[in-house]
Amino acid sequence: MSSEAAVVVYGATGHTGRFVVAELHRRGIATVLSGRNAARLAELAVQWPDAAVRPAAADDPGSLDRALHGAAAVINCAGPFAVTAGPVVEAALRAGIPYVDVAAEIEANAAMFADYAEAARKAAVPVVPAMAFYGGLGDLLVTAAMGEWMAGEMADIAYGLTSWRPTAGTRVAGRVSHERRAGRRVRFADGALRYHDDEVSERDWLFPEPLGRRRVVSEFTMADVVTIPSHLAVSEVRTHMAVEAARDLAAQETPVPEAVDEQGRSDQMFVVDVRVRAGGVERRATAHGQDIYAITAPLAVEAVHRMMAGRTRTAGVASAGAMFDAEDFLRSLAPQLSVDLPH
């Protein structure tokens, strides 16, 4: 493969970046490996000899321009996104190519919509932040569940994870977000993001099988509170996390993910259960699969594949549900992702 019309993976040597590179290779899409550490990129290139290598630093616009030169799109996998998202999307706009990132940082995603909407619209470049397990998948499920509804009172997204072994990148991003909001919690209610110091609470949630009834941490807020309200008129968006996963994330001694199959996935299983409500009617959409980091790869790669093919619904900064046909997108991810959507 050559770097001509290739997809640049910025942060290619990270845990999620490696999954993204493998997915691009599986689909036969030419790839450019990029990131800050030239030595680690060279090591990764041994595994993917057809890929080009272009080191670049987020604080060096010239190096980013060289990394993106002649490329078809860029997928930013390098956190913390509070540091990398702005410089990389600016380079994408200069290059006139689509940008996707896998940010789960609420503030970084909100900043993408606030700071780059006008520039991306003027450049007619599609930009999709949070095109990942957190943010993108929930948004697609809620959009599919809403269907023809123009507005709703409530969207609940419950994350049923059998475990959560966070990567080093996840921990760094979490610390950055915690510091940016001064330790406060955040929710989307009455049409706006609201910071608060309410006590953490738990509740029971009846997931579809194989999980069944599980205890969840209520309002364990994820990037969905940014992506969903960016295009859907929903008064309140709440996300909930299985207690087991929340405890794993909180414990500093929890180990990093460990591969159990030839794809490099961990043994973590997930069910994402979405319920939307409007006018006294409730609809439900669910998705299940293996490894939240691994499933981010087909989500992000499918997004750039559709962008490069012109299969988008808008230009500028938009969430997954606004940019793509949500139901068609979700069903296209089989067998890596199984979905149950309203008919």
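Rules and cut-offs
- Residues numbered from 1 in each chain as written.
- Predicted model: local features only at pLDDT ≥ 70, side-chain atom pairs only at ≥ 80, totals over all residues.
- Heavy atoms only, no water.
- Domains from an automatic or database assignment.
- Contact = heavy atoms within 4.5 Å.
- Buried area = accessible area lost by both parts, 1.4 Å probe.
- Salt bridge = Lys/Arg side-chain N within 4 Å of Asp/Glu carboxyl O.
- Polar contact = N/O pair within 3.5 Å; in protein donor to acceptor, adjacent residues only side chain to side chain.
- Helix = DSSP H or I, 4+ residues; strand = E, 2+ residues; numbered from the N terminus.
- Pairing = 2+ DSSP bridges.
- Axes fitted to C-alpha atoms, helices over the stretch in contact; angles between N-to-C directions.
- Core = buried A, V, L, I, M, F, W, Y, C linked by side-chain atoms within 4.5 Å.
- Buried < 20%, exposed > 50% of the residue type's maximum accessible area, 1.4 Å probe, protein only.
- Phe/Tyr/Trp six-rings, centres within 6.5 Å; stacked < 30°, edge-to-face > 60°.

In the nomenclature of an unreviewed UniProt entry, the protein corresponds to Saccharopine dehydrogenase NADP binding domain-containing protein from the organism Streptomyces fulvorobeus.

### Regarding the domain arrangement of the protein
Domain boundaries in the protein define domain 1 (6–132 + 296–327) and domain 2 (136–292 + 334–340). Here the C-alpha centre of domain 2 lies 23 Å away from the C-alpha centre of domain 1. Contact with domain 1, which involves 27 residues of that partner, is made by 30 residues of domain 2. Regarding the contact of domain 1 and domain 2, the summed buried area is about 2,200 Å², with carbon and sulfur atoms giving 67% of it. The tally of links from domain 1 across to domain 2 stands at one salt bridge. A salt bridge links Arg181 to Glu107; the nearest nitrogen and oxygen atoms lie 3.0 Å apart. Put simply, domain 1 and domain 2 have 12 residue pairs in polar contact (both at pLDDT 80 or more) between them. Breaking the side of domain 1 that touches domain 2 down by element, the ones donating at least two residues are α1 (15–26), α5 (106–123), α10 (292–308), α11 (320–323) and α12 (326–332). The element contributing the most residues to the side of domain 1 that touches domain 2 is α5, with six residues.

### Section: the side chain of Arg283
With respect to the helices, strands and loops of the structure, Arg283 is situated in strand β14 (residues 281–290). A distance of 3.3 Å separates a polar atom in the side chain of Arg283 from the backbone oxygen of Ala145. A polar contact of 2.8 Å, which involves the side chain of Arg283, links it to the backbone oxygen of Met146. If sequence neighbours within four positions are ignored, Arg283 has contacts with Ala145, Met146, Gly147, Glu148, Trp149, Val274, Arg275, Val276 and Pro342.

### Considering the sheet that holds strand β3 (residues 52–55)
Pairing is parallel across the open sheet formed by seven strands, whose spatial order is β3-β2-β1-β4-β5-β6-β15. Of all the strands in the sheet, the pair left with one neighbour each is β3 and β15 (316–317). Here four bridges tie strand β1 (residues 7–10) to strand β4 (residues 73–76), and the two strands are oriented parallel to one another. Each residue of the ladder has a partner; that of Val9, found in β4, is Ile75. The sheet strands contacting α1 are β1, β2 (31–35) and β4, and the helix crosses β1 at an angle near 165 degrees.

### Digging into the nonpolar core
Formed by 112 residues in total, the largest nonpolar core has its most connected members in Met131, Phe133, Leu161 and Trp164. With 11 residues, α10 is the largest single contributor of residues to this core. Of the domains in this structure, domain 1 (6–132 + 296–327) and domain 2 (136–292 + 334–340) are the two that each give at least three residues to this core. Once you skip the residues sitting within four places of it in the chain, Phe133 turns out to touch Gly138, Tyr159, Leu161, Phe270, Val272, Ile292, Ile295, Thr296 and Leu299. Ala158, Trp205, Phe207 and Leu211 belong to the second largest nonpolar core, which has six residues in total.

### A short note on the packing of aromatic side chains
Across all of its chains, the model carries seven aromatic pairs by this definition. Taking the centre distance of 4.9 Å and the plane angle of 70 degrees together, the rings of Phe133 and Phe270 count as edge-to-face. Residue Phe133 is located in helix α6 (residues 133–146), and its partner Phe270 is located in strand β13 (residues 269–278); the two are separated by 137 residues in the primary sequence. You'll find Phe133 and Phe270 in the same group, each marked buried. Taken together, a centroid distance of 5.0 Å and an interplanar angle of 70 degrees make the contact between Tyr134 and Tyr159 edge-to-face. With Tyr134 in helix α6 and Tyr159 in strand β7 (residues 151–161), this residue pair connects regions lying 25 residues apart in the sequence.

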